[in-house]
Amino acid sequence: MPLYQIHAAIEQRTEAIREAHPDWPCRKGCDDCCRSLASEPLLSEPEWSLLRPALSGELLQRIAANANAPRPVTCPLLDRETGACLVYAVRPLACRSYGYYAERGKVLGCHRIEAVAAADDSILWGNHTALDRETSAFGPAKPLSEWAMSVIR
Ligand code: SF4
Ligand code: SF4
């Protein structure tokens, strides 16, 4: 399945969840997850090809400077003042599904999402295992800084 179709499928799932739960915690400016990443974002080649044109020279430098940052990592693509993603329209798959998908019974999200999951067992979470299966065709995901440095050099 091409990347744009996967994006559409994720969008459909997240929209459905938001419609069924208008007070869903994920919203613009809620950036705890972008400030406490286990590692810098990982992207497959098609995701990088989509993201690359949105990156200015300044952003590329910021990404490169953030390589090997200690955990928890703040994403270099976050606008730290507004809490908004600077590349929202072309953000990686992991960012699109986080807060809305589950894997082997465990939701992928922050403590707010875990609390929602614990309080409501009617939520139709996205299937992260199926998503991984779909995206495995894109090849290995690499750190954002590795992609950035390949075009800076
Ligand atoms: S996963 Fe948590 S921190 Fe991230 S946007 Fe959703 S509610 Fe906010
Ligand atoms: S790319 Fe955007 S949504 Fe993803 S972690 Fe970075 S700032 Fe957050």
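As shown above, the structure is provided for reference.
On a predicted model such as this, the values are computed, not experimentally measured, just so you know.

A.B. asks: Where do I start with the sheet that holds strand β6 (residues 126-127) in this structure?
C.D. replies: What links the strands of a sheet is backbone hydrogen bonding, and the strands pair in either a parallel or an antiparallel sense. The mixed open sheet is built from three strands, whose spatial order is β5-β4-β6. The two strands at the open ends of the sheet, each matched to only one other strand, are β5 (106-108) and β6. The sheet contact formed by strand β4 (residues 101-103) and β6 spans two bridges and is parallel. The partner of alanine 102 across the bridge, within β6, is asparagine 127.

A.B. asks: Where do I start with unusual backbone geometry in this structure?
C.D. replies: The phi angle of most residues is negative, glycine excepted, and most peptide bonds adopt the trans form. Note that the residue after arginine 71, namely proline 72, is joined by a cis bond; omega there is -10 degrees. For asparagine 68, which is not glycine, the phi torsion reads 65 degrees and is therefore positive. Note on placement: asparagine 68 falls in the loop between α4 (57-65) and β2 (78-79). With 9 C-beta atoms packed within 10 Å, asparagine 68 lands in the exposed category.

Definitions and limits used
- Residues numbered from 1 in each chain as written.
- Chains lettered and ligands numbered in written order.
- Predicted model: local features only at pLDDT ≥ 70, side-chain atom pairs only at ≥ 80, totals over all residues.
- Pairing = 2+ DSSP bridges.
- Helix = DSSP H or I, 4+ residues; strand = E, 2+ residues; numbered from the N terminus.
- Buried ≥ 20, exposed ≤ 12 C-beta atoms within 10 Å, placed from the backbone.

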